[in-house]
Amino acid sequence: MTDFTMEKDADGVAVITWDVKSKSMNVMSRDSMVVLDGLIDDALGDAAVKGIVITSGKDSFAGGMDLNVLGTIREEYKDNPAEGLFEFTMNGHKMLRKIERAGMDPKTLKGGKPIAAALPGTALGIGLELPLACHRIFAADNPKAKIGLPEIMVGIFPGAGGTTRLVRKMGAIAASPLLLEGKLNNPAKAKSAGVIDEVVAAEELLSSAKAWVLNATDADIVKPWDQKGYKMPGGAPYHPAGFMNFVGASAMVNGKTMGVYPAAKALLSAVYEGALVPFDTALQIEARWFTHVLMNPSSSAMIRSLFINKEALEKGANRPAVDDQKVKKVGVIGAGMMGAGIALVSALAGIQVVLIDAKQEAADKGKSYTADYMDKGISRKKATPEKKEAVLGLINATTDYAALAGCDLIVEAVFEDVGVKAEVTAKVQAACPDAVFATNTSTLPITELAKASNDAENFIGIHFFSPVDKMMLVEIIKGQKTGPVAVAKALDFVRQIRKTPIVVNDERFFYANRCIIPYINEGIRMVKEGVEPALIENAAKLVGMPLGPLQLTDETSIDLGVKIAKATKAAMGDAYDDAQDEVLFWMFDEGRLGRKSNSGFYAYDDKGKRQGLWDGLAAKYPVADEQPDLTTVQHRLLFAQVLEAVRALEEGVLEDIREGDVGAILGWGFAPWSGGPFSWLDIIGAPYAAERCDQLTAEFGERFTTPALLREMADKTQSFYGRFGKKADAA
Ligand code: NAD
């Protein structure tokens, strides 16, 4: 069974249907491109065929290219992967250009066969680039469908003509959110933006496309850029209006990406250079920049972490082989900030929720978070009042533990206090002894908390990040006695609520917090040393961290930092390194608690808007005359995190480097361009990493000591994915 099949009807329309039987959504493979090419040749060469409709056998059109193809090509063309990738890209252009020209006479532009795309639903990546090469795009009126080019999100850009066609169709400015931000639209919005041409009722999709194909004239199927005198909407670079756009776009992209994403820059170059030349040359330019990006290690690392491995983890790559553990009824204990969010995402996934707090007002307040969320959705036309009622109807806000009867999973999110948690654990067990019990603790060891339970095998950590509805990562923590059913339950729950799980073992701060705390500490430590705070913050952003360490401290609050510092010191004793505490405690004593007090390392206005770094900091911690160079600051900030990740792997907290990389990007925004801490170390190479650690240790202290594992890998010139990637390949 091939992925594309063709049927020619009595009216002379050849309908090509895309249906990858082994997948729930179509993805383009190398083989299927060859099949499609052959069908197009067949239809164009068949005198009985008047026109072609390309559609899908599923309720969506396509999810995009199978990005594993890129790795396969690299392997095949080991000696010159750029050649293989460029050839592959150009072959794609040739096929799509054949569709676009549809057999017409190149001089008279007559005699071509109309080709329409009929999209029943979601059309992403090449799933939109293929339609963009057709002469008319019809989409079913399916509000859930997403149409767009999200390639930039995984470190590449649309390289099957989507970049060149969209810019020529819409103009650079209108196309920029779609290309540079990967913005996806529903069909109605895609039509009003000018990406697609028609939105019709689902049952009329095929007939409308067929009717158009049969009635289209020669003129209807000539793309504007193939006509004489074509002018790019909004102007090409040397047009007065276009000039402004292109100059502005460059500044905007560099401002937004801080220059660390090669794909965004390459995309801009492809658009700018392509705009100066005829269409076919522009496609070649697009292919060259596309190849250039694919040859950058950042793009392979991003694709690996953000596409291939993220999906593998979501599909349960590390799930124990036990029966389906889908959650039917969840009990959420503690209706504060986290509990309210967990109740919301569970109800949105259709799961029945019992939301318990000590007082009814608190439980109700937790439920009202869902009501507010739905109201926002209604005002943005993303939800309906009926949907709101249905979601709210799933949440029972109460103080009565008896309501937990029938729950198969409990998520506890009460105060971060061992005693309070133990009391709640006992109450829950009395009310519903068979449920898997999960704690959302961010700092307390799971194995310790499990002692309050009489069923440690079914006790687990499910660590959400704040705000729950926005943060995509969920860290699942196995206590020493946690059994496979609890792990599977947690993983199936995370899958239901459509987030990405990592599964780690129980050590201080688990994985994400373990790595992010040293980042914050290193930043604060530099303040004490007299490093210019703006240098610290900008160095972090210029290496791809979403927030500088000082801003992050303000966001998470200084008092939380103080609390964690005290608790860690108490637990670690003499081994605790308190270099950052002086600054932190001083800020706390000054009452500068961060964003929540409208004062922290940054100054804020009355409305809470950040105004810039607080100038009072320099009075207490004067800026040194001599400042470190940018790279030194960046390396201190990055190594502080990645060395923790390596130690987590060494100690068995992490069992799979894929989880280490995906978790870092989704959990705390670790420089996504790098693909994660392990990918970053692979990019710079273990020998250089170890050498750099030695230098940092000599200059700044023992915390940068090269972990034994990294030293060994440096000596053997091994890479993390080379050494530990086996598990990933097997999945
Ligand atoms: P919160 O203070 O906003 O909410 C805690 C809620 O628990 C309150 O509504 C409180 O009334 C309720 N509660 C306290 N004792 C109770 C009891 N005996 N029975 C029933 N309800 C009780 O706190 P939060 O920020 O939602 O954090 C909750 C848990 O999640 C903590 O363990 C925290 O460490 C963890 N966590 C927090 C974050 C975060 O960013 N805030 C992130 C990850 C994990």
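Source: prediction; values computed, not measured.

S.K.: Quick question: what am I supposed to make of the packing of helix 2 (residues 68–76) against helix 3 (residues 81–101) here?
M.R.: Between two packed helices, both the angle of their axes relative to each other and the distance between the axes serve to describe the pair. Packing of helix 2 against helix 3 brings their axes to within 8 Å, and their N-to-C directions diverge by 135 degrees. Here helix 3 runs oblique to helix 2, going by the angle between their axes. As for the relative orientation of helix 2 and helix 3, their crossing is right-handed in sense. Contact with helix 2, carried on its side by Val69, Leu70, Ile73 and Arg74, involves Pro81, Gly84, Leu85 and Phe88 of helix 3 and no other residues of that element. Broken down by class, the residue content of the contact of helix 2 with helix 3 amounts to 6 nonpolar, 1 polar and 1 charged.

S.K.: How should I be thinking about the sheet that holds strand 17 (residues 473–478) in this particular structure?
M.R.: Sheets are built from strands that pair by backbone hydrogen bonding, the pairs being arranged parallel or antiparallel. The 8 strands lie next to each other as 13-12-11-14-15-16-17-18, forming an open sheet whose pairing is mixed. The open sheet terminates on both sides in strands that have one partner only, identified here as strand 13 (395–398) and strand 18 (500–505). On average, adjacent strands in this sheet sit at an angle of 25 degrees to one another, irrespective of strand direction. Pairing of strand 17 with strand 18, which is carried by 6 bridges, proceeds in the parallel orientation. By the bridge assignment for strand 18, Ile476 is matched with Val503. Running over the sheet, helix 18 (residues 484–496) touches strand 14 (409–412), strand 15 (436–439), strand 16 (459–464), strand 17 and strand 18 and is turned about 25 degrees from strand 16.

S.K.: Would you mind going over the site of the ligand with me for this structure?
M.R.: Lining the immediate surroundings of the ligand are 21 residues, of which Met338, Asp357, Glu416, Lys421 and Ser442 lie closest. One of the backbone N or O atoms of Met338 is found 2.8 Å from an oxygen atom in the ligand. Within the side chain of Asn440, one N or O atom sits 3.0 Å away from an oxygen atom of the ligand. In the complex, the protein chains occlude 77% of the 830 Å² of accessible area that the ligand would expose alone.

S.K.: Is there a simple way to think about empty space enclosed by the protein in this case?
M.R.: In this approach the atoms are scanned with a rolling probe the size of a water molecule, which exposes any empty space left behind. All chains considered together, the criterion is met by 4 cavities of 30 Å³ or more. Volume-wise, the largest cavity comes out at about 120 Å³. Looking at the lining of the largest cavity, its residues break down into 10 nonpolar, 2 polar and no charged.

S.K.: How should I be thinking about the nonpolar core in this particular structure?
M.R.: Here is a general trend for soluble globular proteins: nonpolar side chains tend to be buried in one another's company. Counting 176 residues, the largest nonpolar core has Ile54, Leu404, Tyr511, Phe639, Phe678 and Phe720 as the members making the most contacts within it. Per-element tally for this core: the top contributor is helix 25 (residues 630–650), with 10 residues. With 35 residues, the next largest nonpolar core counts Ile351, Leu409, Ile476 and Val487 among its residues.

S.K.: Teacher, can you tell me more about the pairing of strand 12 (residues 352–356) here?
M.R.: Residues in a regular strand point their side chains to alternate faces of the sheet. Of all the 5 residues making up strand 12, 4 are buried; the element is thus mostly covered by neighbouring parts of the structure. Sheet topology places strand 11 (residues 329–333) next to strand 12; 5 bridges connect them, and they run parallel. Bridge pairing in strand 12 links Lys329 to Gln352. At this point the chain moves from strand 11, through helix 13 (residues 337–348), to the parallel strand 12, and the crossover so formed is right-handed. Two strands pair when backbone bridges link them, and strand 12 and strand 13 are joined in this way by 4 bridges, in the parallel orientation.

S.K.: What is the right way to read the environment of Met244 from this model?
M.R.: Following the sequence through the fold, Met244 ends up in helix 9 (residues 240–257). The spatial distance from the C-alpha of Met244 to the C-alpha of Gly234 is 9.9 Å, given a sequence separation of 10 residues.

S.K.: What exactly am I supposed to notice about unusual backbone geometry here?
M.R.: With an omega dihedral of -5 degrees, the bond running from Ser466 to Pro467 counts as a cis peptide bond. Inspection of the secondary structure puts Pro467 in the loop between strand 16 and strand 17. Although it is not a glycine, Phe510 sits at a positive phi angle of roughly 55 degrees. Its identity is not glycine, yet Ser557 carries a phi of approximately 90 degrees, on the positive side. Along the chain, the position of Ser557 falls in the loop between helix 21 (549–556) and helix 22 (558–572).

S.K.: So what exactly am I meant to see when it comes to the pattern of salt bridges here?
M.R.: Close approach of charged atoms allows side chains of opposite charge to pair. The final tally for this structure, using the stated rule, is 44 salt bridges. A salt bridge links Glu644 to Arg647, with the nearest nitrogen and oxygen atoms 2.9 Å apart. In this pair, Glu644 and Arg647 are both assigned in helix 25, 3 residues apart and thus about one turn of the helix distant. Arg647 carries the same exposure label as Glu644, and that label is buried.

S.K.: Explain the packing of helix 26 (residues 657–668) against helix 27 (residues 677–684) to me, please; I cannot follow it from the model alone.
M.R.: Two elements in contact, helix 26 and helix 27, have axes separated by 7 Å at closest approach and are oriented at 105 degrees. By the angle class used here, helix 26 and helix 27 are roughly perpendicular. For the pair formed by helix 26 and helix 27, the contact residues are Ile657, Gly660, Asp661 and Ala664 on the first element and Pro677, Phe678 and Ser679 on the second. Class assignment for the residues of the contact of helix 26 with helix 27 results in 4 nonpolar, 2 polar and 1 charged.

S.K.: How should I be thinking about the sheet that holds strand 10 (residues 198–200) in this particular structure?
M.R.: Ordered by their spatial adjacency, 6 strands build an open sheet running 1-2-4-6-8-10, and the pairing between neighbours is mixed. If you trace the sheet from one side to the other, it starts and ends with strand 1 (4–8) and strand 10, each paired once. Mean inter-strand twist for the sheet, computed between neighbouring axes without regard to direction, equals 20 degrees. Two strands pair when backbone bridges link them, and strand 2 (residues 13–18) and strand 4 (residues 51–56) are joined in this way by 6 bridges, in the parallel orientation. Opposite Ile16, over in strand 4, you have Ile54 as the bridge partner.

S.K.: For this particular structure, what's the right way to read the packing of aromatic side chains?
M.R.: Aromatic ring pairs are reported here in terms of the distance separating the ring centres and the angle at which the planes meet. Within this structure, the stated rule accounts for 15 aromatic pairs. A centroid spacing of 6.5 Å and a plane angle of 75 degrees characterise the contact between Phe464 and Phe493, whose relative ring orientation is edge-to-face. Taken together, the residues span a long stretch of sequence, with Phe464 in strand 16 and Phe493 in helix 18 at a distance of 29 residues. Through pairs of rings, three or more aromatic residues link up here, namely Phe4, Trp18 and Phe61. The ring of Tyr721 carries the charged tip of Arg304 above its face, separated from the ring centre by 3.5 Å. The aromatic ring of Phe700 is capped on one face by Arg636, whose charged end is 4.1 Å from the ring centroid.

About the criteria used
Residues numbered from 1 in each chain as written. Predicted model: local features only at pLDDT ≥ 70, side-chain atom pairs only at ≥ 80, totals over all residues. Heavy atoms only, no water. Axes fitted to C-alpha atoms, helices over the stretch in contact; angles between N-to-C directions. Helix = DSSP H or I, 4+ residues; strand = E, 2+ residues; numbered from the N terminus. Parallel < 35°, antiparallel > 145°, perpendicular 65-115°, else oblique. Left-handed = near helix turned anticlockwise from the far one by under 90°. Contact = heavy atoms within 4.5 Å. Nonpolar A, V, L, I, M, F, W, Y, C, P; charged D, E, K, R; others polar. Pairing = 2+ DSSP bridges. Near = heavy atom within 4 Å. Polar contact = N/O pair within 3.5 Å; in protein donor to acceptor, adjacent residues only side chain to side chain. Areas by Shrake-Rupley, 256 points an atom, 1.4 Å probe, with all protein chains shown as cover. 1 Å grid on protein atoms, 1.4 Å probe; cavity = no way out; pocket = protein on both sides within 12 Å on 5 of 7 lines; lining within 4 Å. Points joined across faces, edges and corners; volume = space filled by probe spheres on them. Core = buried A, V, L, I, M, F, W, Y, C linked by side-chain atoms within 4.5 Å. Buried < 20%, exposed > 50% of the residue type's maximum accessible area, 1.4 Å probe, protein only. Right-handed = clockwise from strand over helix to strand, strands pointing away. Salt bridge = Lys/Arg side-chain N within 4 Å of Asp/Glu carboxyl O. Phe/Tyr/Trp six-rings, centres within 6.5 Å; stacked < 30°, edge-to-face > 60°. Lys NZ or Arg CZ within 6 Å of the ring centre and 35° of its normal.

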